[in-house]
Amino acid sequence: MNAPIDMTVPPKMKAWVLGDPEQLTLVDKDVPRPGKAEALVRIDAVAICATDLEILTYGTPALIEGGAPFNKNFTPGHEYMGTIAALGPGVDEFEIGDRVTVEIHAGCGQCKRCRMGMYTSCHNYGKNYGEQNKGHRANGFTTDGGFAQYAVNNINTMIKVPDTMSDEEATLVVTAGTSMYGLTELGGLVAGESVVVIGPGPIGLLAVAVAKSLGASPVVLVGTRENRNRIGLELGADVAIDARNEDVVSRIKELTGGKGADYVVDCAGSETTVNQAVHMTNRGGRICLAAFPKKPVEFDLGYLAVNNIYLYGIRGEGRSATHRAMAFMAEKRFDATKIHTHTFPMEDLPTALKYARERIDDAIKVVVSMKDTHAAAQAAE
Ligand SMILES: [Zn+2]
Ligand SMILES: [Zn+2]
């Protein structure tokens, strides 16, 4: 038995809030209270995502009270894990002291897409205020997120973390869940099919790991950074192609008996990679678009149509793919910690963001730990 856990919830907490673009300030905020079907999570670690950087600069895809998230006392951050500190009325699915990691979107639970399990495409995105309150929650996007000591989560968004998994690794489950959603829930991948991943960022690298764990063969990674391609090989890629020195499309054809890949996941979203993806896909194959390019991209639509190639975008996780990603990671089917490169304390969030943005010291996943902040708060009581 573990020692009893002291989860006394203080009235106030430290939280980073977004002012003007790029302007984050550490403030004291009220600790939120969980409602029906919700729990209060004491956040222990939060990973930084490229989408956080996008929100800080452009505001989108965050949406607070119907508009940009600036100067609204909004706390970003969405890839976090922690310990349950309080339960809302009637919640018996979790206990205080449970370690959990979270998926981001709870959705509204009532629209057509939420009813299909596609809660990341909820029709009521951001509608959680005023007269039209539909209860949509996507922490770090439409509700307060993880760059704080506490956050409220819907019980459907929480997944128990095994004792054998570190806090840092647990923050990566939602990234693996996003890769899994693209490959299996939306893509229908089964064992023995070939998968190419273009772009070895966090989602791309974990797509390699997930595809390999699901029995895809061969699994090929295309990238331009040697160290990232090497990590891809460690995570299960059968081949890593350096796009700077090789003709990517003909290499893929060669590796797939001249036919092309059954699945291509494009995590780069540039004109070059989208066209490579089109031309390296097998007839009747599928292309999953996982990047959010800012500008329109021109691509060979005719080739796509003539060859019966399916094209689909993904946004975030869905259909409980994050729960399945946790099942794989708990079984140690792959070692997601290979993409975790740096950890900073909560007070150093701006430095952590700088490392992630500028890829300082080859940063891939940068994690912010709240441990010291919680300890200092407890010592001060
Ligand atoms: Zn993210
Ligand atoms: Zn919905």
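Residues numbered from 1 in each chain as written. Chains lettered and ligands numbered in written order. Predicted model: local features only at pLDDT ≥ 70, side-chain atom pairs only at ≥ 80, totals over all residues.

The subject of this paragraph is the nonpolar core. Membership of the largest hydrophobic core comes to 103 residues, with the highest contact counts inside it found for Val41, Val196, Val197, Val208, Val210 and Ala211. It is helix H5 (residues 202-213) that contributes the most residues to this core, 8 residues altogether. Two domains share this core, each providing at least three of its residues, namely domain 1 (12-104 + 139-171 + 335-379) and domain 2 (178-313). Among all residues touching valine 210, those that are not within four sequence positions of it are Ala176, Ser179, Met180, Leu183, Ala325 and Phe328. (Core = buried A, V, L, I, M, F, W, Y, C linked by C-beta atoms within 7 Å. Buried ≥ 20, exposed ≤ 12 C-beta atoms within 10 Å, placed from the backbone. Helix = DSSP H or I, 4+ residues; strand = E, 2+ residues; numbered from the N terminus. Domains from an automatic or database assignment. Contact = placed C-beta atoms within 7 Å.)

What follows covers the packing of helix H7 (residues 248-255) against helix H8 (residues 271-280). Running from amino to carboxyl end, H7 crosses H8 at an angle of 30°, the nearest separation of the two axes being 9 Å. Between H7 and H8, the crossing angle belongs to the class labelled roughly parallel. For the pair H7 and H8, the crossing hand works out as right-handed. Residues Val248, Val249, Ile252 and Lys253 of H7 touch H8, and the partners they reach there are Gln276, His279 and Met280. For the contact of H7 with H8, the residue count by class is 4 nonpolar, 2 polar and 1 charged. (Axes fitted to C-alpha atoms, helices over the stretch in contact; angles between N-to-C directions. Parallel < 35°, antiparallel > 145°, perpendicular 65-115°, else oblique. Left-handed = near helix turned anticlockwise from the far one by under 90°. Nonpolar A, V, L, I, M, F, W, Y, C, P; charged D, E, K, R; others polar.)

Now for the sheet that holds strand S13 (residues 310-313). Taking strand neighbours across the sheet as the criterion, the 6 strands line up as S10-S9-S8-S11-S12-S13 in an open arrangement whose pairing is parallel. Two strands in the sheet have a free side with no partner beyond their single neighbour: strand S10 (239-242) and S13. Pairs of neighbouring strands in the sheet enclose a mean axial angle of 15°, with direction left out of account. The pairing of strand S8 (residues 195-198) with strand S9 (residues 219-223) spans 4 bridges and is classified as parallel. Looking across to S9, one finds that valine 197 is bridged to leucine 221. (Pairing = 2+ DSSP bridges.)

Relative to the 16 Å expected for 12 residues at 1.5 Å per residue, H5 spans 16 Å between its end C-alpha atoms, a close match to the ideal helical length. Buried residues dominate H5, accounting for 11 of its 12 residues. Looking at H5, one finds that the buried residues are Pro202, Ile203, Gly204, Leu205, Leu206, Ala207, Val208, Ala209, Val210, Ala211 and Lys212. The first or second residue beyond H5 is glycine 215, which carries a positive phi of 95°. (Expected span 1.5 Å × (residues − 1).)

This part is about the domain arrangement of the protein chain. Accessible area lost upon the coming together of the parts is a frequently used measure of interface size. Segmenting the protein chain into domains produces domain 1 (12-104 + 139-171 + 335-379) and domain 2 (178-313). Computed over C-alpha atoms, the centres of domain 1 and domain 2 are 30 Å apart. With 7 residues of domain 1 in contact, the opposing surface of domain 2 contributes 9 residues. For the side of domain 1 that touches domain 2, the class distribution of residues is 4 nonpolar, no polar and 3 charged.

Right, let's get into the pairing of S9. With 5 of 5 residues buried, S9 lies mostly within the body of the structure. Of the two faces of S9, both are covered, the one formed by Val219, Leu221 and Gly223 as well as the one formed by Val220 and Val222. The parallel pair S8 and S9, bridged by H5, forms a crossover whose chirality is right-handed. Relative to S10, S9 is paired through 4 bridges, and the arrangement is parallel. Bridged to glycine 223 within S10 is aspartate 242. With helix H6 (residues 226-234) bridging S9 and the parallel S10, this β-α-β connection has right-handed handedness. (Right-handed = clockwise from strand over helix to strand, strands pointing away.)

The next point concerns the environment of threonine 157. Along the chain, the position of threonine 157 falls in the loop between strand S6 (150-154) and strand S7 (158-160). Owing to 24 C-beta atoms within 10 Å, threonine 157 belongs among the buried residues under this scheme. In the structure, threonine 157 is positioned 54 residues away from glutamate 103 in sequence and 5.0 Å away in space, judged by C-alpha atoms. Apart from the residues within four sequence positions on either side, threonine 157 is in contact with Val102, Glu103 and Ala106.

Of the residues making up H6, those classed as buried are Arg228, Asn229, Ile231 and Gly232. For H6, the angular spread of the buried residues around the axis is 155°, confining them to a single face. Opposite the buried face of H6, by more than 90 degrees, sit the exposed residues Glu226 and Asn227. Taken together, the buried residues of H6 touch H5, S9 and S10. Directly beyond the C-terminal end of H6, a positive phi value near 125° is found at glycine 236. (Arc of directions from axis to C-beta.)

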